[in-house]
Amino acid sequence: MDELELLKRDWQKKDKQLPQLSFDEIYKMIWKKSSSVVKWIFFISIMEFLVPHLIYLVPSMSKNLAVWKDLGLGNILVISNVVQYSVVLFFIFQFYKRYREISTLDNAKKLMSNILKTRKTVKYYVIFCLSLIFISFIVMAVGIYLNEDPMTALGYGYKAENINPDKLKTTLVATVVVLGVVVTLVMGCIYFLLYGILLKKLNKNYKELKEMDI
Amino acid sequence: MEHQFVTELECNQNIVHKVCTLYTNDRDSHNDLFQEITIQLWKAYPKFRGESKFSTWMYRVALNTAITLYRKSKKSIPTQDYESVMFKITADEYDPTEEQQLKLMYNAVKQLGDVDKALVFLYLEDKDYREIAETLGISEVNARVKMNRIKNKLKTILNP
């Protein structure tokens with residue numbers, strides 16, 4: 001293709017027209033902060049690891065923990081906490097390992113694949129957290145269903161005097177289940193949207209490179 | 001160490017500028033990408049052991065930054081003053097048809113996807129297929145096949 005050869009000749013003569021930065025200008029740049037995708041993934045992931053745990057520090061949330069005990073679900077809570085923290089630690093370790101593997105010195109395909117793998121670790125973590133949130137709502141619903149006086153357990157005993165207990169129970173169970181579905185879906189949407197936008201370009205380029213080798 | 005790094009980068013900065021020229025459309029984005037590549041090069045510098053030439057090592061980090069790490073790909077319209085820098089031909093060999101042809105070619109290359117651009121960039125820099133394949137992580141045969149496809153793609157863009 002003659003045009004490409006023409007372009008190549010012109011391209012190689014281009015040096016004179018390119019901007020030239022001085023030593024000082026470049027020197028200043030190396031201390032600036034990077035805005036790379038990897039850095040964003042790192043920060044967002046750390047946030048995702050932390051946020052579910054920060055929620056427990058909010059006073060009203062710790063009050064909610066007492067509700068679990070009153071519903072007779074205290075033991076389940078302890079066990080689920082032990083499981084949850086072991087799994088979280090496992091994920092943090094995996095994430096750190098994957099993050100360390102990312103190197104700009106790898107070829108483009110390997111670099112992209114490593115970034116996507118790191119992101120996948122966090123994705124599994126989020127799926128785990130979302131399932132945990134959903135399951136805890138379901139367990140709570142079951143707890144309410146099996147409890148003789150759920151309103152008192154929930155701390156609203158004084159309001160429930162004139163309401164049919166069966167009807168109340170059904171309404172409570174339904175509310176908790178619906179709330180569980182809504183919270184899980186909303187959090188899931190936020191997460192997938194965040195990474196979808198962040199990694200759109202990378203995903204597209206990775207797919208293209210992979211297709212080249214088929 | 002930073003003194004040595006900056007000196008080497010200053011001498012080889014054309015490579016980074018060329019990558020930026022291909023992947024951005026205005027001066028702000030150009031500078032932004034240049035800065036990101038510089039940061040990534042500096043971060044990777046401790047691992048540069050001088051086994052290859054500094055410039056060879058730069059190609060990989062610069063392209064990786066452009067096609068993988070750099071997030072902001074503003075779809076801005078090329079500005080007039082930036083365009084004129086890109087397509088200027090030195091006065092002594094001025095040839096209107098050739099200039100027109102070059103302008104069309106640059107525009108066509110700009111329309112390619114990120115990965116295709118990387119291939120074209122390495123081709124224009126006179127790298128052989130082995131190096132192109134290694135930089136992108138594909139096989140040499142596939143790099144050749146892909147380059148032929150890009151040539152056809154460019155032909156289609158030029159003669160729709």
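Since the model is a prediction, treat every value here as computed from it, not as a measurement.

Participant: Looking at this model, I keep getting lost on the domain arrangement of chain B. Mind explaining?
Facilitator: Frequently, the measure chosen for interface size is the accessible area that the parts lose on association. Residue and element names in this part refer to chain B. For chain B, the domain assignment lists domain 1 (1–88) and domain 2 (93–160). Counting residues at the interface gives nine residues for domain 1 and 10 residues for domain 2. When contributions to the side of domain 1 that touches domain 2 are tallied by element, the ones reaching two or more residues are α2 (13–23), α4 (54–69) and α5 (80–87). Looking at the side of domain 1 that touches domain 2, the element that brings in the most residues is α4, giving four residues. Of the residues assigned to the side of domain 1 that touches domain 2, the class counts are eight nonpolar, no polar and one charged.

Participant: It is not clear to me how the environment of K39 of chain A should be interpreted in this structure. Could you clarify?
Facilitator: Residue and element names in this part refer to chain A. By the secondary structure assignment, K39 is in helix α3 (residues 37–54). For K39, a count of 14 C-beta atoms within 10 Å gives the class partly exposed. Put simply, K39 and N147 are 108 residues apart on the chain and 48 Å apart in space, counted from C-alpha to C-alpha.

Participant: For this particular structure, what's the right way to read helix α9 (residues 140–158) of chain B?
Facilitator: Because each turn of an α-helix spans 3.6 residues, side chains separated by three or four positions in sequence point in the same direction. Residues and elements named next belong to chain B. Over its 19 residues, α9 extends 27 Å from the first C-alpha to the last, a length consistent with the 27 Å expected when each residue adds 1.5 Å. Buried within α9 we find A143, K146, I150 and L154. The arc enclosing the buried residues of α9, seen along the axis, measures out at 85 degrees, which places them on a common side. The exposed set on the far side of α9, more than 90 degrees from its buried face, consists of V141, N148, N152 and T156.

Participant: Would you mind showing me how to read the packing of helix α6 (residues 108–146) of chain A against helix α8 (residues 165–198) of chain A here?
Facilitator: Helix-helix packing: each pair is described by the crossing angle between the helix axes and the interaxial distance. Residue and element names in this part refer to chain A. Two numbers describe how α6 lies on α8: the axes approach to 8 Å, and their chain directions differ by 170 degrees. The angle between α6 and α8 falls in the class roughly antiparallel. For the contact of α6 with α8, the residue count by class is 19 nonpolar, three polar and two charged.

Participant: Quick question: what am I supposed to make of the environment of V78 of chain A here?
Facilitator: Residue and element names in this part refer to chain A. Looking at the secondary structure, you find V78 in helix α5 (residues 74–101). For V78, a count of 11 C-beta atoms within 10 Å translates into the label exposed. Between the C-alpha atom of V78 and that of M187, which follows or precedes it by 109 residues, the distance is 24 Å.

Participant: Where do I start with the interface of chain B and chain A in this structure?
Facilitator: The interface is formed by 50 residues belonging to chain B together with 41 residues belonging to chain A. For the side of chain B that touches chain A, the secondary-structure elements that each account for two or more residues are α1 (2–11), α2, α3 (27–44), α4, α6 (96–110), α7 (114–124), α8 (129–136) and α9 of chain B. In terms of residue count, α4 of chain B provides more of the side of chain B that touches chain A than any other element does, eight residues in total. When the residues that make up the side of chain B that touches chain A are grouped by side-chain class, the tally is 19 nonpolar, 17 polar and 14 charged.

Participant: When you look at α3 of chain B in this model, what are you seeing that I'm missing?
Facilitator: For α3 of chain B, built from 18 residues, the straight-helix expectation of 26 Å at 1.5 Å per residue is met to within 8% by its first-to-last C-alpha distance of 26 Å. Within α3 of chain B, the full set of buried residues consists of H30, L33, F34, Q35, E36, I37, T38, I39, Q40, L41 and W42 of chain B. Elements in contact with the buried residues of α3 of chain B: α2 (23–29) of chain A together with α1, α2 and α4 of chain B.

Calculation rules
Residues numbered from 1 in each chain as written. Chains lettered and ligands numbered in written order. Predicted model: local features only at pLDDT ≥ 70, side-chain atom pairs only at ≥ 80, totals over all residues. Domains from an automatic or database assignment. Contact = placed C-beta atoms within 7 Å. Helix = DSSP H or I, 4+ residues; strand = E, 2+ residues; numbered from the N terminus. Nonpolar A, V, L, I, M, F, W, Y, C, P; charged D, E, K, R; others polar. Buried ≥ 20, exposed ≤ 12 C-beta atoms within 10 Å, placed from the backbone. Expected span 1.5 Å × (residues − 1). Arc of directions from axis to C-beta. Axes fitted to C-alpha atoms, helices over the stretch in contact; angles between N-to-C directions. Parallel < 35°, antiparallel > 145°, perpendicular 65-115°, else oblique.

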